[in-house]
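Listed here are the chains, written in short residue letters.
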Amino acid sequence: MADAISNAAATNPDIQYGIVDSSYEEQPGNLASILFKAQESSFLVGYIAGRMTETDHVGLVGPIVNPIIDQFEYGFRGGVAYAANELGKEIQVDIQYAESFSDDAKAKAIAQVMYNDGADVIFAMAGGAGLGVIEAAKEADKYVIGVDMDQNYLAPDNVITSAVKNVGEIMFQLSQEVQAGTFTGSGTGTSYGLAEDAVGIAPTSDKLVPAEILQATDDVKAKMIEGAIEAPLSEETLTAFLDTLE
């Protein structure tokens, strides 16, 4: 919808527009980009993966590489590294992309190889294709992490947590602004994260994640909100983050 919304905003300058998960180099002044700090929720689930792996080997299956997807990958890798540093160990992280948001068969095949190679927790952050990763987890009786919404219902014994994007919460807040007459298309993007309750981990995480690990995750979350930990969202920021752990 990115091009359609941009064109509509340019054609109708007296109407305010907003779009989720898109931003522009040249953005109309009446269009607001609503972005989410996916790296923050991905850091938290990466931390959980790092704390829960028994093989010291985890994985990530992604869709198509782009800057928004980078936030998920590098945030996850940062969280795993933080857990590994805390535990005084090294944890291997396998990364592979299905090159599709919908090819669940390919994503499943990738996950099966990862599980066979020793990974025991995989972050299925490949959109619809990620459903194949969850199927692979069920068949291998391994752990998997969902994305965007709480996906535990798809495999209650395997989906330990999900990196949740609370789009509804931000839409509610922005709807209140519209009703109050204070919402304006700013011509810029605004990113919402843990501090705004825009991202987080799934409420069903307590079903499979031990209480002590959830408490440690809450402590990490608090440090992120206060700025003591900054989740990486690119290769450059991941490198800088890893340097702080040495």
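Undergrad: Got a minute to help me understand the nonpolar core in this structure?
TA: If you look at soluble globular proteins, the nonpolar side chains tend to sit buried side by side. Counting residues in each nonpolar core, the largest one holds 24 residues, and the members touching the most others are Phe76, Phe123 and Ile145. Contributing elements (two or more residues each) for this core: α2 (38-52), β3 (57-62), α3 (67-87), β5 (121-124), β6 (143-148), β7 (159-165) and α7 (211-226). In this view, Phe76 contacts Ser42, Phe43, Val45, Gly46, Ala49, Val58, Gly59, Leu60, Val93, Phe123 and Ile145; residues no more than four positions away in its chain are not counted. Judged by nonpolar contacts, the second largest core, of 23 residues, contains Phe43, Tyr82, Tyr192 and Val199.

Undergrad: Whenever I open this one, α2 confuses me. Can you help?
TA: Taking 1.5 Å per residue, 15 residues should reach 21 Å; α2 reaches 21 Å between its end C-alpha atoms and fits that length. The buried fraction of α2 is high, at 14 of 15 residues.

Undergrad: When you look at the packing of aromatic side chains in this model, what are you seeing that I'm missing?
TA: Each aromatic ring pair is characterised by the separation of its centres together with the angle its planes make. Scanning the entire structure with this criterion turns up four aromatic pairs. Ring centres 5.9 Å apart and planes at 55 degrees place the aromatic pair Phe43 and Tyr82 in the tilted group. One end of the pair, Phe43, is in helix α2; the other, Tyr82, is in helix α3, with 39 residues separating them in the sequence. On the accessibility criterion, Phe43 (0% relative accessible area) is buried. On the basis of an interplanar angle of 55 degrees and a centroid distance of 6.1 Å, the ring pair of Tyr47 and Tyr82 is categorised as tilted. A residue pair is termed long-range when its members are at least 10 positions apart, and Tyr47 in helix α2 and Tyr82 in helix α3 qualify at 35 residues. Judged by its relative accessible area of 0%, Tyr47 is buried.

Undergrad: I keep staring at the pattern of salt bridges and nothing clicks. Help me out?
TA: As a working rule, side chains carrying opposite charge can pair if their charged atoms are close by. Summed over the entire model, instances satisfying the criterion amount to six salt bridges. The residue Asp56 makes a salt bridge to Lys89 at a minimum N-O spacing of 2.9 Å. Of this pair, Asp56 sits in the loop between α2 and β3 while Lys89 sits in the loop between α3 and β4 (92-97), and the two are 33 residues apart along the sequence. Taking the shortest distance from any N to any O, the salt bridge between Arg77 and Glu73 comes out at 2.8 Å. Here the residue Arg77 and the residue Glu73 both occupy positions in helix α3, the gap between them amounting to four residues, near one helical turn. On the basis of relative accessibility, which here comes to 29%, the residue Arg77 falls in the partly exposed class.

Cut-offs and rules
- Residues numbered from 1 in each chain as written.
- Predicted model: local features only at pLDDT ≥ 70, side-chain atom pairs only at ≥ 80, totals over all residues.
- Heavy atoms only, no water.
- Core = buried A, V, L, I, M, F, W, Y, C linked by side-chain atoms within 4.5 Å.
- Buried < 20%, exposed > 50% of the residue type's maximum accessible area, 1.4 Å probe, protein only.
- Helix = DSSP H or I, 4+ residues; strand = E, 2+ residues; numbered from the N terminus.
- Contact = heavy atoms within 4.5 Å.
- Expected span 1.5 Å × (residues − 1).
- Phe/Tyr/Trp six-rings, centres within 6.5 Å; stacked < 30°, edge-to-face > 60°.
- Salt bridge = Lys/Arg side-chain N within 4 Å of Asp/Glu carboxyl O.

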